[in-house]
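Chain and residue survey
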Amino acid sequence: IGVLGTGDFARSLAIRLVCSGFKVVVGSRNPKRKVNLFPSAAEVTFQAEAVKKTDVIFVAVFREHYSTLCDLADVLAGKILVDVSNNTEINHHKESNAEYLASLFPACTVVKGFNVVSAWTLQSGARDGNKQVLICSNNQEAKRIVAEIAQVMGFTPVDMGCMSSAREIENIPLRLLPAWKIPIFLALGLFLCFFTYNLIRQVIHPYIREQKNKLYKIPIEVVNTTLPCVSYIMLSLVYLPGVLAACSQLYYGTKYRRFPDWLDQWLQHRKQIGLLSFFCAALHAVYSLCLPMRRSHRYLLIETAVKQAMEKKMNIWVEEEVWRMEIYISVGIIALGLLSLLAITSLPSIANSLNWREFSFVQSTLGFVALVISTLHTLTYGWSRAFDENQYKFYLPPTYTLTLLVPCTVIIAKVIFSLPCIQHRLTRIRRGWEKGRYVKFVLPSATGEYSSWETSSNV
Ligand code: NAP
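Thresholds, definitions, all that
Residues numbered from 1 in each chain as written. Predicted model: local features only at pLDDT ≥ 70, side-chain atom pairs only at ≥ 80, totals over all residues. Heavy atoms only, no water. Helix = DSSP H or I, 4+ residues; strand = E, 2+ residues; numbered from the N terminus. Rg over C-alpha atoms; globule rule 2.2 N^0.38 Å. Contact = heavy atoms within 4.5 Å. Areas by Shrake-Rupley, 256 points an atom, 1.4 Å probe, with all protein chains shown as cover. Lys, Arg positive; Asp, Glu negative; His and termini not counted. Charge placed at Lys NZ, Arg CZ, Asp CG, Glu CD. Buried < 20%, exposed > 50% of the residue type's maximum accessible area, 1.4 Å probe, protein only. Pairing = 2+ DSSP bridges. 1 Å grid on protein atoms, 1.4 Å probe; cavity = no way out; pocket = protein on both sides within 12 Å on 5 of 7 lines; lining within 4 Å. Points joined across faces, edges and corners; volume = space filled by probe spheres on them. Nonpolar A, V, L, I, M, F, W, Y, C, P; charged D, E, K, R; others polar. Expected span 1.5 Å × (residues − 1). Core = buried A, V, L, I, M, F, W, Y, C linked by side-chain atoms within 4.5 Å. UniProt positions renumbered as here; feature names shortened; annotations may be inferred. Axes fitted to C-alpha atoms, helices over the stretch in contact; angles between N-to-C directions. Parallel < 35°, antiparallel > 145°, perpendicular 65-115°, else oblique. Left-handed = near helix turned anticlockwise from the far one by under 90°. Right-handed = clockwise from strand over helix to strand, strands pointing away.

Moving on, we come to the overall build of the chain. A tally of regular secondary structure across the chain gives 19 helices and 10 strands. Expected size for 459 residues packed as a compact globule is a radius of gyration near 23 Å; at 32 Å, the chain overshoots this value by more than 25%. Overall size of the chain, expressed as C-alpha extent along the three principal axes, is 95 × 95 × 40 Å. Pairs at least 24 residues apart make up 69% of the contacts formed inside the chain by residues separated by at least 6 positions. About 26,600 Å² of surface is accessible on the chain, with carbon and sulfur atoms providing 62% of the total. Counting 48 positive and 33 negative side-chain charges, the chain places the averaged centre of each group 4 Å from the other.

Encoded structure:
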C-alpha cells in the first residue's frame, strides 16, 4: 500500500497498516527528513518511487496541494487513489475533494474513504476497531479493494455508493451534533422562559413589593425550580408527537397519509428530547441535594429556630407537610430512576440487545409510567398552592401549574386512546385498514350476467 504525505494522518495510517500486516511504502518530497517518524517496517522514499511500487495509494495530502502531485500523473495512471481529505467548512468547494482529485488524474480510479477517522483513532489500534469507514467510488472493484483493506485494519466499511456521495462523506466530520440541534434549542428556549418566569416570581416580586433583596436565589434556587420544569415538559414532548400522530391516523382513518414535516422531524428527535429531559432531571436531583449546604439555608434555619424559641413554640410538626414531603421526594426518586432506565436503554449497544417488544415496553410503557410519576411528583410539590391567592405573584400562577398543561394533555389523550373502542380502531389502522376504501364485488345474476357494485370496506 502506498501513502503520499508524511504528516499526522499519513504517519498514523502507515503505523496501522503495518500493524495490520500490509507492506507500506510512504512517498515524501523529502524522505530523508521524515524517515525517522515512521516504523522501520515501512519504506519511506520519494513520491514517484512510492507510487511506482504500489497499486493502492492513500493521498494523505491537503486538497490545496493536489495540483503539486500532477508531475506524478504518468506513474499514477491505472492506480487506485484513496482520497482521505477533509475540508474546513461544510460544502466548502463546488465539487468534492475526491471529484477534484479524479479530475486531476483521469487515468486513476479514485475512492473516497477514511476521512471520518482521525489520526488519533488510527493510532489507537484494534481497541477502536468497530469504527465505521464510509467509502464511495464509481468503480465497484476499487471500492471492494479499499473496503477489504479497511476491514483488515479493524474498521467497518460502509458502502456509500458512487462518487456523488463524496461531498456528503466530506461534510460528516464537520457537522456538530446535527440530530441534537432542535432538541437543544427547545431545551434552551424552555429553560429561558421558565427561568424568567421564576425570576419574576422569586426575585423581582419580593424586591418590588417588599423591598427584599433575594438576588442570592438566582444561582441555585431559581435554576433548581427551572430545571424540573424543563425536564418534565421535555419528557411530555417525547410522547406528545405519538399522540398527535395517533390523532391524525384516527381522523384520516389511514396510516398511509404522510405526517406533516414538522411532526416527522419531531418524531425523529424523541430520543434526544428524552435524553435532555433526563439530563435536566439529573441536574435537578444534584441541585436539590445541595440545597441544605448553602449558607442562606443555614441562616434561615437558625432564624426560624430563634423565632420559634422566642414564641416558645415546642412543636412545629405539621403532619400533612411531613407526608407531602416524604411522598414528593419518594416519587421524585422513582421518576429519576425510570428516566435513567430509559436513557440507558436508548444507548445503541443496549438497544441492540433488546428485541422490539422489550424496547417498546421500556421506551413506551415505562416511559409513560415515568411521565405519570413525574406528574405525581409535581402535584405533591404544588399541593394546595394553586388555591392560595398569595401564590399568585403579579397575578402569575405558581410555575408548577403551567408545567402540568402539556403532560396532563398527553396523559389524558393516552388514557382515551387506551379505551377499547378507540384502541381497536387504532390497531386496525396500524395493521393497514383504511377508512372509505371501496371493495368491488362481482357476482353472477339470475340471468347469468355479471352484476357488480361497490361497498365500503367498513361494511
Ligand atoms: P499534515 O500533517 O499537514 O501533512 C500533510 C502532508 O502532505 C505533509 O506532511 C507533506 O508531506 C505532504 N505534502 C505533499 N505535498 C505537499 C505540498 N505541496 N505542501 C505541503 N505538504 C505537502 O496533514 P494531515 O493532518 O496529515 O492531513 C493530511 C490529509 O489527511 C488532509 O487531507 C486531511 O484533511 C486528511 N485527514 C486528516 C486527519 C487527521 O486527523 N489529521 C483526519 C482525517 C483526514 P511531505 O513533506 O513528506 O511531502
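The next thing to look at is the pairing of strand 4 (residues 56-59). Neither face of strand 4 is open: one carries V56 and F58, the other I57 and V59, and all of them are buried. Two strands pair when backbone bridges link them, and strand 1 (residues 2-4) and strand 4 are joined in this way by 3 bridges, in the parallel orientation. If you follow G2 over to strand 4, its bridge partner there is I57.

Here we come to empty space enclosed by the protein. With the rule as written, the count across this model stands at 1 cavity of 30 Å³ or more. There is about 40 Å³ of room inside the largest cavity. Lining the largest cavity are N87, N91, H92, H93, E95, S96, N97, R167, E170 and N171. Per element, the largest residue contribution to the lining of the largest cavity is 3 residues, and it comes from helix 8 (residues 166-171). Residue composition of the lining of the largest cavity, by class: no nonpolar, 7 polar and 3 charged.

As a further point, take helix 13 (residues 295-310). Over its 16 residues, helix 13 extends 22 Å from the first C-alpha to the last, a length consistent with the 22 Å expected when each residue adds 1.5 Å. Backbone geometry just downstream of helix 13 places K312 in the positive-phi region, at approximately 55°.

As a further point, take the environment of A42. Following the sequence through the fold, A42 ends up in the loop between helix 2 (31-34) and strand 3 (43-46). Separated by 223 residues in sequence, A42 and Q265 have C-alpha atoms that sit 49 Å apart. Among all residues touching A42, those that are not within four sequence positions of it are V18 and V24.

The biggest cluster of nonpolar side chains holds 53 residues, and the ones touching the most others in it are V3, L17, F58, L81 and F114. Sequence-distant contacts of F58, defined by excluding residues within four places in its chain, comprise I1, G2, V3, L4, L13, L17, V82, V84, F114 and I149.

The next subject is the UniProt feature "transmembrane region" (unreviewed entry) in the chain. Within this structure's numbering, the places UniProt gives as "transmembrane region" (unreviewed entry) are residues 182-200, 232-252, 273-294, 327-347, 359-380 and 400-422. Helix makes up 100% of residues 232-252 and strand 0%. Its end C-alpha atoms lie 31 Å apart. Helix and strand shares over residues 400-422 are 87% and 0% respectively, and the end C-alpha atoms of the span are 31 Å apart.

Attention now moves to the packing of helix 10 (residues 218-252) against helix 11 (residues 261-268). In contact at an axis separation of 9 Å, helix 10 and helix 11 are set at 135° when each is read in the N-to-C sense. Taken together, the axes of helix 10 and helix 11 are oblique relative to one another. Two packed elements cross with a definite hand, and for helix 10 against helix 11 that hand is left-handed. For the pair helix 10 and helix 11, contact is made by L237, L240, P241, G242, L244 and A245 and by W262, L263, W266 and L267, respectively. Here the residues of the contact of helix 10 with helix 11 sort into 9 nonpolar, 1 polar and no charged.

Packed helices, taken two at a time, are described by the angle their axes make and the gap between the axes. Relative to each other, helix 10 and helix 19 (residues 420-430) sit at 85°, their axes nearing to 10 Å. When the interaxial angle is binned, helix 10 and helix 19 end up roughly perpendicular. Touching A246, Q249 and L250 of helix 10 are I422, R425, L426, I429 and R430, all from helix 19. Across the contact of helix 10 with helix 19, the residue classes tally to 5 nonpolar, 1 polar and 2 charged.

With that settled, the discussion passes to unusual backbone geometry. Look at F114: it is not a glycine, yet its phi comes out positive at around 70°. Following the sequence through the fold, F114 ends up in the loop between strand 6 (109-112) and helix 6 (119-123). In the Ramachandran plot, K312 falls in the positive-phi region, its phi being about 55° despite a non-glycine side chain. Position of K312 among the secondary structure elements: in the loop between helix 13 and helix 14 (319-345). Exposure remark for K312: the relative accessible area of 70% places this residue in the exposed category.

Neither face of strand 5 (residues 80-83) is exposed, since I80 and V82 on one face and L81 and D83 on the opposite face are all buried. In this sheet, strand 5 lies alongside strand 4 in parallel orientation, the contact comprising 4 bridges. Note on strand 5: the bridge partner recorded for V56 is I80. Taken together, the 4 bridges between strand 5 and strand 6 define a ladder with parallel strand orientation. Bridge assignment links I80 to a residue of strand 6, and that residue is T109. At this point the chain moves from strand 5, through helix 5 (residues 97-104), to the parallel strand 6, and the crossover so formed is right-handed.

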